[in-house]
Amino acid sequence: MNDQQLLRYSRHILLDEIDIAGQEKLLAGHALIIGAGGLGSPAAMYLASAGMGRITLVDDDTVDLTNLQRQIMHTTGRVGQLKVQSGQQALEEINPDIDIVALA
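Residues numbered from 1 in each chain as written. Predicted model: local features only at pLDDT ≥ 70, side-chain atom pairs only at ≥ 80, totals over all residues. Heavy atoms only, no water.

*Asks:* When you look at a negative patch on the surface in this model, what are you seeing that I'm missing?
*Replies:* Among the surface-exposed residues, Asp-16, Glu-17, Asp-19 and Glu-24 lie close enough to one another that they form a single negatively charged patch. By the element assignment, Glu-24 lies in helix α3 (residues 19–28). A relative accessible area of 39% places Glu-24 in the partly exposed class. (Patch = residues over 30% accessible without salt bridge, like charges linked within 9 Å, V, L, I, M, F, W, Y side chains within 5 Å. Areas by Shrake-Rupley, 256 points an atom, 1.4 Å probe, with all protein chains shown as cover. Salt bridge = Lys/Arg side-chain N within 4 Å of Asp/Glu carboxyl O. Lys, Arg positive; Asp, Glu negative; His and termini not counted. Charge placed at Lys NZ, Arg CZ, Asp CG, Glu CD. Helix = DSSP H or I, 4+ residues; strand = E, 2+ residues; numbered from the N terminus. Buried < 20%, exposed > 50% of the residue type's maximum accessible area, 1.4 Å probe, protein only.)

Here it is in structure tokens:
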């Protein structure tokens, strides 16, 4: 972990249940999220925030205005865009150091 990552994840590292070894496991980990909607959207955001090293988003739908009250990863400006593209943009804004794979 570099100095910036140590600072970003310092609250995790302070927890006995996670510490540096646990955070390194997260950074080396991979999560597959099938569906970038009501459940996948917040799950992906929390995983990106926590430092999951690689996240693969799978969804073939587009962002619709009716999604926005519950699919927090998407915004009005991304209506009509593929959910995986919208999600990739949101996750990269949260944590640019992780790898996001978007599969439609």
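*Asks:* What am I meant to see in the pattern of salt bridges here?
*Replies:* Side-chain pairing between opposite charges can occur once the charged atoms of the two side chains come close. Counted under the stated rule, the structure contains two salt bridges. Between Arg-54 and Asp-99 there is a salt bridge; the shortest N-O distance is 3.3 Å. Placement of the pair is Arg-54 in strand β2 (residues 54–58) and Asp-99 in strand β3 (residues 99–103), with a sequence separation of 45 residues. Classification of Asp-99 as partly exposed rests on a relative accessible area of 39%. Its salt-bridge partner being Asp-61, residue Lys-83 comes within 3.3 Å of it at the nearest N-O pair. In this pair, Lys-83 sits in helix α5 (residues 83–94) while Asp-61 sits in the loop between β2 and α5, placing the two residues 22 residues apart along the sequence. Here Asp-61 falls in the partly exposed class, since its relative accessible area comes to 36%.

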